[in-house]
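Fold and contact review
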Amino acid sequence: MAKPSSASHAGSPGRLDELFQVPGARPDPTRARLVLGVAGIAALSALITAIAVPPAPVASTVVNMPTAPTMVTQQRPIVYVQLTPGQSPPPGATVIDAKAPKPITIVTRVPAPAQRAVVVRTTQSGKVIP
Amino acid sequence: MITAERPTRASRVACYSLPTLIVPLTVATTAMGGRLIVHLAAPAGDGRAKHDARRLLSRIGCWADRLSRHLEASELSALNADSRTRVPIGPTLAAALWAAREAADESEGFVDITLLDARLAAEGLSFAELAAGVRRSWSLESGPRRTAVVSRPPGVRFDLGGVAKGWLADRALVLLSSWPSAVVDADGDLSVRCRAGDTWAVALDDPRADGATLAIFHLSAPATGWSVQWGVATSGTSVHRWRRGEILHHHLIDPRTGAPARTDVVQATVVCGSALRAEALAKAAVIAGSTDGLALLERAGVKGAVILTESGETLALPQTLTLLAG
């Protein structure tokens, strides 16, 4: 009869079957350790994958929703060149004085507001709100 | 010299999220020749909210009375009537005048509170024309207990105008610190605090038709973060205007000329971090005109700006689109 010693099973893989079949022996932790090890590696792998790889887009189902408001804007970026002293502008070019404000991009159409009552309102001073 | 061309391209910005908007409890009164309103994110029947709002309005009303040039008993009227060049003033007027200096700096000099006589002359109420080259510089020295001493050239009189409204709105919002989402509306100049996750909808008035709305801003604070403070103000030439002979005048005086500004801007609205700054920049944009005004607002780093021009064109800085509700 094999000794039901916990110290006797771990060092020799060839005796595992024998040890498992011994009645009254203490549960062998090797299998549990294997399962835990594999599970740990799998969890770590999944974690690393989730961190390193961004989630792929998920195909969505089209649902009947109100149409999302879309803003159509028109922008006027201004392209310009600075002429150095002595240079002449190209023929037909519009000439702007150097003291003119620096060109900026503006939006020439803002979205139409939704037709609903809004309580908070900004106005010119003295404006009577109906 | 600079050569320029102006190509046009279209871009699309889509808004897919519709935030839940605050439906506020609102308490209103009149002061400063206009409306004074407190909006709180509270249920309609909240007694504490009503009590706090009414108490605040009463206090703002007292401040406004000290800063009005229309009331003979106000601190401002007393200062304007004082013939001395150095005049001691109380804490409330001192705070408002410090705010006026800040507004002048923010607006690159377009906001100038020494133009009272020029405005009265434009209205035909005074014959004290603003002589070109007259020195109108003034200064403040701090005194004990938040008082101050004003130094100014003889004859210079002050009109706080929108500066007082912006300052009052910001100051009042501080007193509402127990309300995480609140708006103080000082005759169109708004000081807005928004709790994390909340969104205020603010309608921008369209001056071309009563009750019409030019745009709606959604002012919010990120769900995970601190509350955010906004300032929104509108200035323009279409409300306070009158005709003298053949010429149409308005109340916004250009400090460069001492006369009503010759501008293509009918109305400008600015969104930034405080009502005082928004008011100063909106007024500056109107006086400067659309081209120079938009450039000024760009330099100032505002969060949003919408300008309506005489030709009916609506112009905005690009960053404004993230604030506009579709």
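Going by the structure above, here's the rest.
Residues numbered from 1 in each chain as written. Chains lettered and ligands numbered in written order. Predicted model: local features only at pLDDT ≥ 70, side-chain atom pairs only at ≥ 80, totals over all residues. Heavy atoms only, no water.

As for the overall build of chain B
- In terms of helices and strands, chain B carries seven helices and 19 strands.
- Here the C-alpha radius of gyration of chain B, 20 Å, is about what a compact globule of 326 residues would show, namely 20 Å.
- With respect to the principal axes defined by its C-alpha atoms, chain B has extents near 60 × 60 × 35 Å.
- Per-residue burial over chain B gives 55% buried out of 326 residues.
- When contacts within chain B are restricted to residue pairs at least 6 apart in sequence, those whose partners lie at least 24 apart make up 60%.
- With the model as given, the accessible surface of chain B reaches about 14,300 Å², and the carbon-plus-sulfur share is 52%.
- Averaging the locations of the 35 positively and 33 negatively charged side chains of chain B gives two centres separated by 5 Å. (Helix = DSSP H or I, 4+ residues; strand = E, 2+ residues; numbered from the N terminus. Rg over C-alpha atoms; globule rule 2.2 N^0.38 Å. Buried < 20%, exposed > 50% of the residue type's maximum accessible area, 1.4 Å probe, protein only. Contact = heavy atoms within 4.5 Å. Areas by Shrake-Rupley, 256 points an atom, 1.4 Å probe, with all protein chains shown as cover. Lys, Arg positive; Asp, Glu negative; His and termini not counted. Charge placed at Lys NZ, Arg CZ, Asp CG, Glu CD.)

Considerations on the pairing of strand β12 (residues 228–236) of chain B
Residue and element names in this part refer to chain B.
- In terms of burial, β12 is a largely internal element, seven of the nine residues being buried.
- Of the pairings in the sheet, the one linking strand β9 (residues 189–194) to β12 comprises five bridges and is antiparallel in character. For Leu190, the partnering residue across the bridge sits in β12 and is Val232. (Pairing = 2+ DSSP bridges.)

Here's the deal with the packing of aromatic side chains
Residues and elements named next belong to chain B.
- Considering all chains together, one arrives at two aromatic pairs over all chains under this definition.
- When the ring of Trp63 is compared with that of Trp167, the centres are 5.9 Å apart and the planes differ by 50°; the resulting orientation is tilted. One end of the pair, Trp63, is in helix α1 (residues 47–67); the other, Trp167, is in helix α5 (residues 162–175), with 104 residues separating them in the sequence. You'll find Trp63 and Trp167 in the same group, each marked buried.
- Looking at Lys303, its charged tip hangs above the ring of Trp230, at a distance of 4.7 Å from the centre. (Phe/Tyr/Trp six-rings, centres within 6.5 Å; stacked < 30°, edge-to-face > 60°. Lys NZ or Arg CZ within 6 Å of the ring centre and 35° of its normal.)

Structural notes on the sheet that holds strand β6 (residues 139–142) of chain B
Residue and element names in this part refer to chain B.
- With respect to topology, three strands assemble into an open sheet ordered β5-β7-β6, the strand pairing being antiparallel. Looking along the sheet, the strands with just one partner apiece sit at the ends: β5 (86–89) and β6. In this sheet, neighbouring strand axes are inclined to one another by 25° on average, regardless of whether the strands run parallel or antiparallel. (Axes fitted to C-alpha atoms, helices over the stretch in contact; angles between N-to-C directions.)

Observations concerning the pattern of salt bridges
All names here are of chain B.
- Counted by the stated rule, this structure contains 16 salt bridges over all chains.
- Arg256 is paired through a salt bridge with Asp254; the nearest N and O atoms lie 2.8 Å apart.
- Assessed through its relative accessible area of 56%, Arg256 is described here as exposed.
- Each of Arg35, Lys165, Asp185 and Asp187 takes part in a single network of salt bridges with overlapping partners. (Salt bridge = Lys/Arg side-chain N within 4 Å of Asp/Glu carboxyl O.)

Regarding the pairing of strand β3 (residues 25–31) of chain B
Residue and element names in this part refer to chain B.
- Bridge analysis of β3 against strand β4 (residues 34–40) gives seven bridges, and the strand direction is antiparallel. Bridging across to β4, Leu25 finds its partner in Leu40.
- As consecutive antiparallel partners, β3 and β4 are separated by two residues, and within that stretch Met32 has a phi angle of approximately 55°, a positive value.

All we've got here are geometric facts, nothing functional implied.
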